[in-house]
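Survey of secondary and tertiary structure
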Amino acid sequence: MIDWPSLFKISLGLFAIVNPIGSVPIFISATSGWSNEERAKTAKTVAFSVFIILTISSLMGDQILDFFGVSIPSFQVGGGILLMLIAISMMHGKQSGARQTPEEAQTMAEREVIAIVPLSIPLLAGPGAISNMIITAQKNASLLGHLSLIIPILLVCITIWLVLKLSVRISYKLGTIGINVVTRLMGLILAAMAVEFIAHGLTGLFPALA
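What counts as what
Residues numbered from 1 in each chain as written. Predicted model: local features only at pLDDT ≥ 70, side-chain atom pairs only at ≥ 80, totals over all residues. Heavy atoms only, no water. pLDDT = per-residue confidence, 0-100. Helix = DSSP H or I, 4+ residues; strand = E, 2+ residues; numbered from the N terminus. Contact = heavy atoms within 4.5 Å. 1 Å grid on protein atoms, 1.4 Å probe; cavity = no way out; pocket = protein on both sides within 12 Å on 5 of 7 lines; lining within 4 Å. Points joined across faces, edges and corners; volume = space filled by probe spheres on them. Core = buried A, V, L, I, M, F, W, Y, C linked by side-chain atoms within 4.5 Å. Buried < 20%, exposed > 50% of the residue type's maximum accessible area, 1.4 Å probe, protein only.

**Concerning the confidence of the model for the chain**
Caution applies to low-pLDDT regions: their predicted coordinates should not be interpreted in detail. Per-residue pLDDT for the chain has a mean of 83; in total, 89% of the residues score no lower than 70. Mean pLDDT values over the elements of the chain span from 51, in helix 5 (residues 102-106), up to 96, in helix 9 (residues 150-165). Within the model, the stretch residues 105-109 combines pLDDT values under 50 with 8 contacts to residues more than four positions away or in other chains.

Quick look at the structure:
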């Protein structure tokens, strides 16, 4: 049976990592001068791209790790450290370099690819979100467990579409302070998840710690 409370927790954690609210100023800046129709189309493309990326990560993440010979506990520790770095940046009200480098930000001028890079990758479906889905998929090893992860991914992607589509209104209503407050709260949730990932990874690497 589907564990709905667990899926709710996964949805909340994934939302904290992706943090579409915190990406509103970047989306508005990247689409400056665009019409509402163009922004809406780009928002849909971004949401669909993130859905594809995270779904592939959850369904095929274990095969990818096997290919590179990486153990799950090692990936949990590495992914947890990455999430913690992103969380620290979020709690300081900054965009983490792990999500978007200055070079990737420059590609915003390329209008034809903006929905994919950098808005989808690495801003929303970045290393943190991908790592989170691979680790979560390992905790839900059954076929039903893997397929059920599509539900939180779909919910988060629908949220991304709505937030980006209404980005101008949201930015006007919340303002810079409001967006920073939301980003810091999401960062706090993400930090707690990072600690949990690292703890599980360390107990897997060093059973004596359990």
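Following the structure, the description resumes.
**Some points on the layout of surface pockets**
Any space left empty among the atoms is revealed by the rolling of a water-sized probe across them. The computed volume of the largest pocket comes to approximately 330 Å³. Along the walls of the largest pocket sit 15 residues, with Lys9, Ile10, Lys139, Met193 and Glu196 positioned nearest its centre. Mapped by element, the contributors of at least two residues to the lining of the largest pocket are helix 1 (4-18), helix 7 (127-139) and helix 10 (167-205). For the lining of the largest pocket, the leading source of residues is helix 1, giving 6 residues.

**Overview of the nonpolar core**
Residues Leu14, Val46, Val50, Leu54 and Ile160 are the most contacted members of the largest nonpolar core, which totals 52 residues. When contributions to this core are tallied by element, the ones reaching two or more residues are helix 1, helix 2 (24-30), helix 3 (36-68), helix 4 (72-91), helix 6 (119-124), helix 7, helix 9 and helix 10. When residues of this core are assigned to their parent elements, the largest contribution, 8 residues, is made by helix 10. With residues up to four places along the chain from it excluded, the contact list for Ile160 reads Val18, Pro20, Val46, Ala47, Val50 and Leu124.

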